[in-house]
Amino acid sequence: MIPYYDYLIVGSGLFGATFAYCAKQMGKKCLVIDKRPHIGGNVYCENIEGINVHKYGAHIFHTSNKAVWDFVNSIVEFNRYTNSPIANYEGKFYNLPFNMNTFYQIWGITTPTEAMAKIEQQKAEAIARMRADGVSEPRNLEEQALILVGKDIYEILIKGYTEKQWGRKCTELPAFIIRRIPVRLVFDNNYFNDKYQGVPIGGYNKLIEGLLDGVKCETSVDFFATYKDCWREIANKLVFTGAIDEFFNYKLGKLDWRTVSFETEVVDTPNYQGNAVVNYTERVIPYTRIIEHKHFEMLGQKVYDCLKTVISKEYSVEYKEGMERYYPVNDNRNNQLAEAYRKLAEDEQDIIFGGRLGQYRYYDMAPIIQHVLNSKEFRVNF
Ligand code: FAD
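As a starting point, this report considers the structure included with it. Note that the structure is predicted; figures quoted are calculated from it, not measured. (Residues numbered from 1 in each chain as written. Predicted model: local features only at pLDDT ≥ 70, side-chain atom pairs only at ≥ 80, totals over all residues. Heavy atoms only, no water.)

Bringing unusual backbone geometry into the picture now. Across the junction of Leu96 and Pro97, the peptide omega takes the value -15 degrees, indicating a cis bond. In this structure, Pro97 sits in the loop between strand E7 (92-95) and helix H3 (100-107). Unusually for a residue other than glycine, Glu90 sits at a positive phi of about 50 degrees. Residue position: Glu90 is located in the loop between strand E6 (86-89) and E7. Positive phi outside glycine occurs at Ser220, with the angle close to 55 degrees. With respect to the element layout, Ser220 can be found in the loop between strand E9 (216-218) and helix H8 (223-226). Residue class for Ser220 comes out exposed when judged on its relative accessible area of 51%. (Helix = DSSP H or I, 4+ residues; strand = E, 2+ residues; numbered from the N terminus. Buried < 20%, exposed > 50% of the residue type's maximum accessible area, 1.4 Å probe, protein only.)

Dropping the structure here:
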């Protein structure tokens, strides 16, 4: 029997959906399956009270690659949303990423020269303290951060947030987690340095639906329970964007993940916090940040035209079996194990492993799209 589909694509996230779109453009037939009850993977939005709620975490598209930007805008137009998060520490607000606005808020200084002098002075104090203790190299994340930016920025904006993210004290975390901490000596609250950024007008579902338009999709279908043993009967090639260790039945061991959980609620006010992202940088507040979803898409008066709002409190939690896999863990054990799995994957001639789970690598959205467009299946070079 000749298989009916050119590709069986496991996963309808950005990798699977972009792959299906490119294959369709080349006249290939695809079947896309997803174990979740919806398409879109982690960029999926749930509509609550007319607001697109980023169910699996806040997503802001950003890239400097014009071809990728033009590609996504050919599917759905993007708005001008600019990510400029705010930090709340003991009830006071600070702009992120660290820039002249932040330094004014911390020290009341007004010029880049004063800011630089303050940071250099605090860095020198940290180095002198380490030397007095007989330490030449930072022994942990706290020491590393102190010699990179000094005491005030570390204590107000880094310490508590990092401890919540990792569930451990900064003195117990390795120094290599923070290699550099960029500081901007300009008044610029734009988080990303990329040339283009925004959010699809109408939400990410529009992007995914546009990519998958005309492609057969089956949701609530787990590859391992349905197609694992018979996929070659229906498709010539498999595109697998699920977890790479699970594909190989964990035969080399299990890969670890970090995860986040969300507490989402509708609030009876049009504007809860005046910004999409507010980070809570104190250790005693259990969540790391609050996302107010309407601000991604509703700009200006539109915020008030929609009478309610939806917020999500985001918590960093330790990954346990059955939870959503969010971030790969970049330590030696996991890096080596992932590499061993990627080697096994290379031997699978008619299977393409892609995306964040299939590669066990953190990718932003734009690189995911770029990978598909550059893949040898399509040979569209950017
Ligand atoms: P996914 O979106 O995870 O899709 C994989 C799909 O495969 C899922 O739908 C899953 O259900 C399905 N699947 C898995 N196993 C099976 C199986 N056995 N059978 C059937 N289906 C299966 N990037 C940015 O550029 N900007 C941001 O602001 C940003 N914010 C982020 C915030 C968070 C909290 C996280 C975790 C990531 C963020 N990212 C962001 C990265 C972005 O989410 C990824 O680049 C993108 O989702 C990767 O797409 P993917 O298709 O590889 O994976």
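What follows covers helix H15 (residues 365-374). The complete set of buried residues in H15 reads Met365, Ala366, Ile368, Ile369, Val372 and Leu373. Along H15, the residues classed as buried sweep out an arc of 160 degrees about the axis, all on the same side. (Arc of directions from axis to C-beta.)

Every one of the 29 residues lining the ligand counts as a neighbour, but Asp34, His59, Ile60, Tyr363 and Met365 are closest to it. Ile60 has a polar backbone atom sitting 2.8 Å from a nitrogen atom of the ligand. Arg356 is positioned such that a nitrogen or oxygen atom in its side chain is 2.8 Å from an oxygen atom of the ligand. Within the residue set of the shell around the ligand, elements represented by two or more residues are helix H1 (14-25), H8, helix H14 (355-359) and H15. Looking at the shell around the ligand residue by residue, the classes come out as 15 nonpolar, eight polar and six charged. (Near = heavy atom within 4 Å. Polar contact = N/O pair within 3.5 Å; in protein donor to acceptor, adjacent residues only side chain to side chain. Nonpolar A, V, L, I, M, F, W, Y, C, P; charged D, E, K, R; others polar.)

Moving on, we come to the packing of H1 against H15. A pair of packed helices is captured by two measures, namely the crossing angle of their axes and the spacing between those axes. Viewed as axis vectors pointing N to C, H1 and H15 meet at an angle of 35 degrees, and their least axial separation amounts to 9 Å. For the pair H1 and H15, the sense of crossing is right-handed. Counted together, Leu14, Phe15, Thr18, Phe19 and Cys22 of H1 and Met365, Ile368, Ile369, His371, Val372 and Leu373 of H15 form the full contact between these two elements. Of the residues contributing to the contact of H1 with H15, the split by class is nine nonpolar, two polar and no charged. (Axes fitted to C-alpha atoms, helices over the stretch in contact; angles between N-to-C directions. Left-handed = near helix turned anticlockwise from the far one by under 90°. Contact = heavy atoms within 4.5 Å.)

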